[in-house]
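# Results of the structural survey
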Amino acid sequence: MRDDAPRSWDSRAEAATFYGFTDLPSVAQRGTVVLTHGEGPYVFDTAGKRYFDSNSGLWNMVAGFDHPKLAEAAKAQYDRFPGYHAFFGRMSDQTVMLSERLVEVSPFASGKVFYTNSGSEANDTMVKMLWFLGGAEGQPQRRKIITRWNSYHGVTAVSASMTGKPYNSVFGLPLPGFLHVGSPHYWRFGQEGETEEAFTQRLAHELEATIIKEGPDTIAGFFAEPVIGAGGVIPPSKGYFQAIQAVLKRYGIPLIADEVICGFGRTGNVWGSQTFDFVPDAIIASKAMTAGYFPMGAVVLGPELAQRLQNASEAIEEFPHGFTASGHPVGCAVSLAAIDLILNGGLLDNVRALTPRFEAGMAELAGHANIGEWRGAGLMGALEAVQDKATKTPFASNLSVSERIANTCTDHGLICRPLGQSIVLCPPFICTESHLDEMFEKLAAALRQVFAEVA
Ligand SMILES: *Cc1c(COP(=O)(O)O)cnc(C)c1O
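Quick look at the structure, then. (Residues numbered from 1 in each chain as written. Predicted model: local features only at pLDDT ≥ 70, side-chain atom pairs only at ≥ 80, totals over all residues. Heavy atoms only, no water.)

### Topic: the packing of aromatic side chains
Spelled out, the test is: In summary, the pairing rule links any two rings of Phe, Tyr or Trp, Trp by its six-membered ring, whose centres are within 6.5 Å, and it sorts them by plane angle into stacked for under 30 degrees, edge-to-face for over 60 and tilted for everything else. Numbering of helices and strands runs from the N terminus, with a helix taken as a DSSP run of H or I at least four residues long and a strand as a DSSP run of E at least two residues long. Throughout this description, buried means an accessible area under 20% of the type-specific maximum (1.4 Å probe, protein chains only), exposed means over 50%, and partly exposed covers the range between. For a ring to carry a charge above it, either NZ of a lysine or CZ of an arginine must fall within 6 Å of the ring centroid while also lying within 35 degrees of the normal to the ring plane.
Evaluated as defined, the whole model comprises 14 aromatic pairs. Arranged with centres 6.4 Å apart and planes meeting at 70 degrees, the rings of Trp131 and Phe178 form a pair that is edge-to-face. Within this pair, whereas Trp131 is found in helix H6 (residues 119-136), its partner Phe178 is found in strand S6 (residues 178-181), the two being separated by 47 residues in sequence. An angle of 45 degrees between the planes, with centres 6.0 Å apart, marks the rings of Phe358 and Phe440 as tilted. Of this pair, Phe358 sits in helix H14 (residues 347-365) while Phe440 is found in helix H16 (residues 433-454), placing the two residues 82 residues apart along the sequence. Taken individually, Phe358 and Phe440 each receive the classification buried, so the pair is uniform in this respect. Among the aromatic residues, those joined into a cluster by ring pairs are Phe21, Tyr152 and Tyr167. Positioned above the aromatic ring of Trp9, the side-chain terminus of Arg12 is 4.5 Å from the ring centre. A cation over a ring is seen here: Arg143 above Trp131, with NZ or CZ 4.2 Å from the ring centre.

Quick look at the structure:
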C-alpha cells in the first residue's frame, strides 16, 4: 500500500530522487521500496519487511548483503590508504596486486588490466582502445563495432549504442557505426523446421554478410556477453561462439567477451567464456568483481591486444584515457577479497553444488501451461511467460504479465525481475538449497495467482 503521509520514506524518495530504469506507473501505484540493510541473501525495508533478493541486487551481490570479510577488507584499506589514482606512473599497491590476480585468473597466459568504475565505462574504454589501435596501426577507418540485438552493454553513449535494445532510440542512439546482428535465441528465433545447428550457422552467415557489406577493414571489434543477461538470460545456441569466432578470425576482428554478469562464477566457471568453451581477445568485467561492495569495472586484455596497445601507446608516449578513481585502492582491496571468497572461500563451489537444484526448480515451473521456456546457465535463469505454449504466442503487452508476477512476488517477500515477458532469477552464491526452495515456492504461488487472473 502506498503511504502518502508527509515525510514517509516513500514520498521523500520520490520528491528528491530522479529514477532510472523504473516503471513510473508502478511507482505511482505501489510506491518505492526503501531498504535499510541486509542479512545473507535477504534485504529489509524501512518497515522491517524482509525480502529474499533472487536477483543478487543487480546480479552483483554474490556474497550476500552482510559478508564480514568484504567489509573488513574495505575498512582495513580505508584505514591504511583510503584513495588514490592510477595516473602519472603512480598507483596503489592494492592495484598492482589486483592486476596480477586478474591476469592470473583470466583465461590468458599473460595480459594487462585497465580499471574503470563500472561495466559501461569498461565497454566504453575497450571501444576507445580499438579506435586508438586503428589510428595507430594505419587503419583509421577501422571504427565500427558489432554487437547483437537484445544484448546489454551499459548506458554511456558508446555502451548504450552497443546495447541492442529499442529504448535507446529515445536518446537518438545508437551512434553511427554501431551495428547489431541477430540474437542467438533458438527457441524464439529459430525458424520452422530449422535445427539448432542450422540456426547457429545462419547467424554466423549473417555476421559474415554484415562484415563483407560494411567492409571488413572498417570493423574494429565484436562484443558479446557469453550469456545475454539483461536481454532476458539467453545462453548461446549450440556451437555459437565457435561459429562466430571462426568468422571473426577470418577478418582479423577481435572478439571481446562482455563478462560483466558471467564473470567470477555465475555460470559455474570463473568466466562464461570457459563455460561456452572459447577464448576471447579481451574480457570486460564488473559486477561480481567486487561482489557489489565497491563500484569497479575492468578491461582485461589478452596478450595480443595488450602488446599492440602497448606499442601504440609507446609511439605517442601515453594512452590518454583514465578515470579519477581508476584502480581505487579500496575497490582493489575489496575485489581481491571477493575473488578470494569466490575461488577459495567456497562460493564458486557452491554455485556448482546448487545448480542441479536450481535447474530442477526451473524445470518444474516450466511445466506450467503458461511458461513457454526456461533457460539459463549455472545460477542464472529466466522463465518466459506465454499465452499459448504450443505457438509461443506472448501475452498482450498491456497485461504486463511479468510485472504483475514480480509485484506479486514482492508482496510476498521475494524480489525478482521482470524482463520483457520473462522473470529473471540470479540468486547470490551464498544461498543454501532451502533458500532456493523458498524462492521457488514463492514464485510458484505468484505464477499460479497471476496466470489464473490473465489466462
Ligand atoms: C550491467 C552490465 C553492464 C553495465 O555495467 P554498469 O556497471 O551498470 O555500467 C555492461 N555489460 C553487461 C553484460 C552488464 O550486465
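We are not done yet, so read on.
### Things to note about the pattern of salt bridges
Rule in force here: Throughout this description, the term salt bridge denotes a Lys or Arg side-chain nitrogen within 4 Å of a carboxyl oxygen of Asp or Glu.
All chains considered together, the criterion is met by 16 salt bridges. Between Arg250 and Glu208 there is a salt bridge; the shortest N-O distance is 2.9 Å. Remark: Glu208 occurs in helix H9 (residues 196-214) and Arg250 occurs in helix H10 (residues 240-250); sequence separation between them is 42 residues. A relative accessible area of 52% means that Arg250 is categorised as exposed. Note on Glu208: relative accessible area 16%, which makes it buried. Note that Glu214 is salt-bridged to Lys213, the shortest N-O span being 3.5 Å.

### Looking at the sheet that holds strand S2 (residues 42-45)
To keep things clear, this is the line we draw: Here, any two strands with at least 2 DSSP bridges between them count as paired. Contacts between residues were defined by any pair of non-hydrogen atoms, one from each residue, lying within 4.5 Å. Axis definition: a line fitted to C-alpha atoms, limited for helices to the stretch in contact. Angles are taken between N-to-C directions and run from 0 to 180 degrees.
On the basis of which strands lie adjacent, the open sheet formed by four strands has the order S1-S2-S3-S13 and mixed pairing. Each end of this open sheet is capped by a strand with a single partner; those strands are strand S1 (35-39) and strand S13 (414-415). Together, S2, strand S3 (50-53) and S13 form the strand contacts of H16, whose direction differs from that of S3 by roughly 100 degrees.

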